[in-house]
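Understanding the architecture of this molecule
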Protein chains: 2
Amino acid sequence: MKENREEKRRRLIEQSKETVSEAYSSLDHPIMQAINTYKEIEKVRGIIYERMEEWYGIYFPELKNVGQEAYARIITSMKNPEDMTGESMKEILGENGTVIYDSIRGSTTRPKLGDKEYSALKDLADSEKNLSALQKALDSYMEESVKKALPNISYLIDHKIAAELLAKAGSIDRLASFPASTIQLLGAEKALFKHLKFGSKPPKYGVLYKLPQISAASKKQKGRLARVYATKISIASRADAYTKRFIADKLKEQLDKAVERIMKRGD
Amino acid sequence: MKENREEKRRRLIEQSKETVSEAYSSLDHPIMQAINTYKEIEKVRGIIYERMEEWYGIYFPELKNVGQEAYARIITSMKNPEDMTGESMKEILGENGTVIYDSIRGSTTRPKLGDKEYSALKDLADSEKNLSALQKALDSYMEESVKKALPNISYLIDHKIAAELLAKAGSIDRLASFPASTIQLLGAEKALFKHLKFGSKPPKYGVLYKLPQISAASKKQKGRLARVYATKISIASRADAYTKRFIADKLKEQLDKAVERIMKRGD
């Protein structure tokens, strides 16, 4: 049966609709949104922590560098020192808790926290709790979807770092089209620009710096490690984008050996 | 009865404790914390709004510039277009709602929002709601406490702007010690530094720019208005800090007249 012109037109529209839908239904976009949101929330939590510390710290200067989650929990449960015990403080802060609680009880010149102030502080603490829970949800979402979308890359490196590489590249196809040297420098665009424009030192790594294996290494090793990681990630990305075959177990073996060689060689 | 040395020591310690407690129990500190928190939360809400728009916008590009509160409400109630009606959209967005809803229903190539993605988006929307509620609470707290702590200044200008001046000065006593010209430039420190260091144009106003009377005026009038406001605020601040007498009704009369003169004079 031959299509007439109108039928053909409709069929083509349907086809292109499907193509658009598929492009957006792929996992690329949600993963990139998730990692970008994760990173922005990291900033937001930092701002809120600073605010909590500066404000609540007027009343309880004894609490310093306890971390934002613990800080929020303490705010929620303590308006006045009597609201807690050494035990409950220990539950939140670990061994240090008792000592800190004793120093809080020991000080007598403490100004009194007003009701409305305390209520604002508790709201801040609640926001910290929400956002921290959201980060955890995003993390577990990424873990799952990165493994699905990038089975090879995520076999080699942490799923959040894989997601960041993807977000910097813009899509899995673009990531797979990059040479290893570009992957090595993804996330170091500013430093690279400075190098090209003003002749400062060229960067040796971008996002990959966050790999614990690399950040823990010595300065010279860092560059070498970034190069071998980038090389294997580049191969893995092509498998994830095009052949869809799982080859990462072999890549991982080679990678581990290369890393071992670099670490043995020393500085 | 004569005090012995030990008694005297104790009495002096008690006295200094009280002084410290009083200093911190004054309303200065909570007000400054509240306004600083208010402003930081403004930033945080901006970041969250941007995240929501970029992510949810993949699925509903029809929603643009609807404002963060409305956007969060829509996210909470719409995973798929069928979850809403023209009516419910109108309730959130006003008259425009129906048109926007129709265009949403009209488009058929929409990708489908996954469960976990939607749950992350709803968490973001919840954070926006929390933070917006917190801002409102801080605002009403400031309204009350600024009126109490700075009855004269807050009779002349909005309580949030009064709180900002206080936070820039560091304390009510410091604010009262400033000449009018300093008050006029509070919040313009960067521009002032640039002027002194690099010879750029001197700033004419800082925080006071936010007064609707000033921001709405013409360029030349702005500077003149900022000067008369600063003059009256400076007198009001001394009454708030030292004499504690209410003189703002007279100041307001003079201020209104001066403003009228400037506006009549035109450019």
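For every chain, the first residue of the written sequence is number 1, and numbering continues from 1 onward in sequence order. Whichever chain is written first is A, and whichever ligand is written first is 1; the rest continue in order. In keeping with the predicted nature of the model, local features appear solely for residues at pLDDT of at least 70, side-chain atom pairs appear and are counted solely at 80 or more, and the whole-chain, interface and lining totals rest on all residues. Each side-chain value is derived from all of the structure's non-hydrogen atoms; neither hydrogens nor water enter the calculation.

A look at the domain arrangement of chain A
To be explicit about the condition: Residue ranges assigned to each domain were obtained from an automatic or database domain assignment.
You can read the domains of chain A as domain 1 (47-136) and domain 2 (162-267). Domain 1 of chain A and domain 2 of chain A are separated by 41 Å when their C-alpha centres are compared.

Section: the pattern of salt bridges
A side chain of one charge can pair with a side chain of the opposite charge if their charged atoms are brought near each other. The line we're drawing: Take a side-chain nitrogen of Lys or Arg and a carboxyl oxygen of Asp or Glu: if they are within 4 Å of each other, that pair is a salt bridge. Each helix is a run of DSSP H or I of at least 4 residues and each strand a run of E of at least 2, with the numbering of both proceeding from the N terminus. Note on classification: 1.4 Å probe, protein chains only; a residue is buried when its accessible area is under 20% of the maximum for its type, exposed when over 50%, partly exposed between these limits.
Following the criterion strictly, the structure yields 32 salt bridges over all chains and no others. When the shortest N-O distance is used, the salt bridge between Lys 116 of chain A and Glu 144 of chain B registers 2.6 Å. You can see Lys 116 of chain A sitting in helix α6 (residues 115-149) and its partner Glu 144 of chain B sitting in helix α6 (residues 115-149), one on each of two chains. Judged by relative accessible area, which is 41%, Lys 116 of chain A ranks as partly exposed. Glu 144 of chain B sits in the partly exposed class, given a relative accessible area of 40%. Of the charged contacts in the structure, one is a salt bridge between Glu 164 of chain B and Lys 210 of chain B, with a shortest N-O distance of 2.7 Å. Remark: Lys 210 of chain B occurs in the loop between α11 (189-198) and α12 (212-215) and Glu 164 of chain B occurs in helix α8 (residues 159-169); sequence separation between them is 46 residues. For Glu 164 of chain B, a relative accessible area of 7% corresponds to the buried category. Note on Lys 210 of chain B: relative accessible area 45%, which makes it partly exposed. Salt bridges here are not isolated pairs; linked through shared partners, they connect Glu 6, Arg 9 and Arg 10 of chain A.

What about helix α5 (residues 96-106) of chain A?
Note on helix geometry: an α-helix contains 3.6 residues per turn, so any two residues three or four positions apart are oriented the same way. Residues and elements named next belong to chain A. How we decide: Taking the helix axis as origin, the arc is that swept by the directions to the C-beta atoms. Two residues form a contact once any of their heavy atoms are found within 4.5 Å.
Considered for burial, the residues of α5 that qualify are Gly 97, Ile 100, Tyr 101 and Ile 104. Buried residues in α5, looked at end-on, bunch into an arc of 100°, giving them a common side. Those residues of α5 that are exposed and angled more than 90 degrees off the buried face are Val 99, Asp 102 and Gly 106. In the core, the buried residues of α5 are packed alongside α4 (86-93).

Section: the packing of aromatic side chains
To keep it simple, the criterion reads: Ring geometry is summarised as follows: Phe, Tyr and Trp rings, the Trp one being its six-membered ring, pair when their centres sit within 6.5 Å, and such pairs are stacked at plane angles under 30 degrees, edge-to-face over 60 and tilted between the two.
Summed over the entire model, instances satisfying the criterion amount to ten aromatic pairs over all chains. Centre to centre, the rings of Tyr 49 of chain B and Tyr 71 of chain B are 5.8 Å apart; their planes meet at 70°, and the pair counts as edge-to-face. Residue Tyr 49 of chain B is found in helix α2 (residues 28-59), and its partner Tyr 71 of chain B is found in helix α3 (residues 68-77); the two are separated by 22 residues along the sequence. The same class applies to Tyr 49 of chain B and to Tyr 71 of chain B, which are both buried. On the numbers, 4.8 Å between centres and 35° between planes, the contact of Tyr 56 of chain B with Phe 60 of chain B is tilted. A connected cluster of aromatic rings, assembled from ring pairs, spans Tyr 49, Tyr 56, Phe 60 and Tyr 71 of chain A.

A closer look at a positive patch on the surface
Residues and elements named next belong to chain A. Applied cut-off: Note on patches: the residues involved have over 30% relative accessible area and no salt bridge, like charges join within 9 Å, and the nonpolar side chains Val, Leu, Ile, Met, Phe, Trp and Tyr join within 5 Å. The Shrake-Rupley method, run with a 1.4 Å probe, gives the accessible areas here. Residue values count only the displayed protein chains as cover. The sign given to each residue is positive for Lys and Arg and negative for Asp and Glu; His and the chain ends receive no count. A charge is said to be at NZ when it belongs to Lys, at CZ for Arg, at CG for Asp and at CD for Glu.
Among the surface-exposed residues, Lys 201, Lys 204, Lys 219, Lys 220, Arg 227 and Arg 265 lie close enough to one another that they form a single positively charged patch. Broken down by element, the positive patch gets its largest block of residues, three residues, from helix α13 (residues 219-243). Along the polypeptide, Lys 201 turns up in the loop between α11 (189-198) and α12 (212-215).

Digging into the nonpolar core
Convention followed: The term nonpolar core refers to a set of buried residues drawn from Ala, Val, Leu, Ile, Met, Phe, Trp, Tyr and Cys, joined through side-chain atoms within 4.5 Å.
Ranked by internal contacts, the top residues of the largest apolar core, which has 156 residues, are Leu 63 of chain A together with Leu 63 of chain B. Excluding residues that lie within four positions of it along the chain, Leu 63 of chain A makes contacts with Tyr 56, Tyr 71, Ile 74, Met 78, Met 89, Leu 93, Ile 100 and Ile 104 of chain A.

Quick notes on the interface of chain B and chain A
Counted only if it meets this: Buried area adds together the accessible area that both of two parts lose upon being put together, with accessible area traced by a 1.4 Å probe. Within 3.5 Å is the distance limit for a polar contact, defined as a pair of N or O atoms, with the added protein rule that one can donate a hydrogen and the other accept it, and that residues adjacent in sequence qualify only through two side-chain atoms. Put simply, Ala, Val, Leu, Ile, Met, Phe, Trp, Tyr, Cys and Pro go in the nonpolar bin, Asp, Glu, Lys and Arg in the charged bin, and everything else, Gly too, in the polar bin.
Tallying the contact residues gives 36 residues for chain B and 36 residues for chain A. Summing the contributions of chain B and of chain A, the shared interface buries around 3400 Å²; its carbon and sulfur component is 66%. Where chain B meets chain A, there are two salt bridges. The tally of links between chain B and chain A comes to eight residue pairs in polar contact (both at pLDDT 80 or more). Put simply, the parts of the chain that give the side of chain B that touches chain A at least two residues each are α1 (5-25), α2 and α6 of chain B. Here the side of chain B that touches chain A gets 15 residues from one element, more than from any other, and that element is α2 of chain B. Among the residues forming the side of chain B that touches chain A, the class breakdown is 16 nonpolar, ten polar and ten charged.

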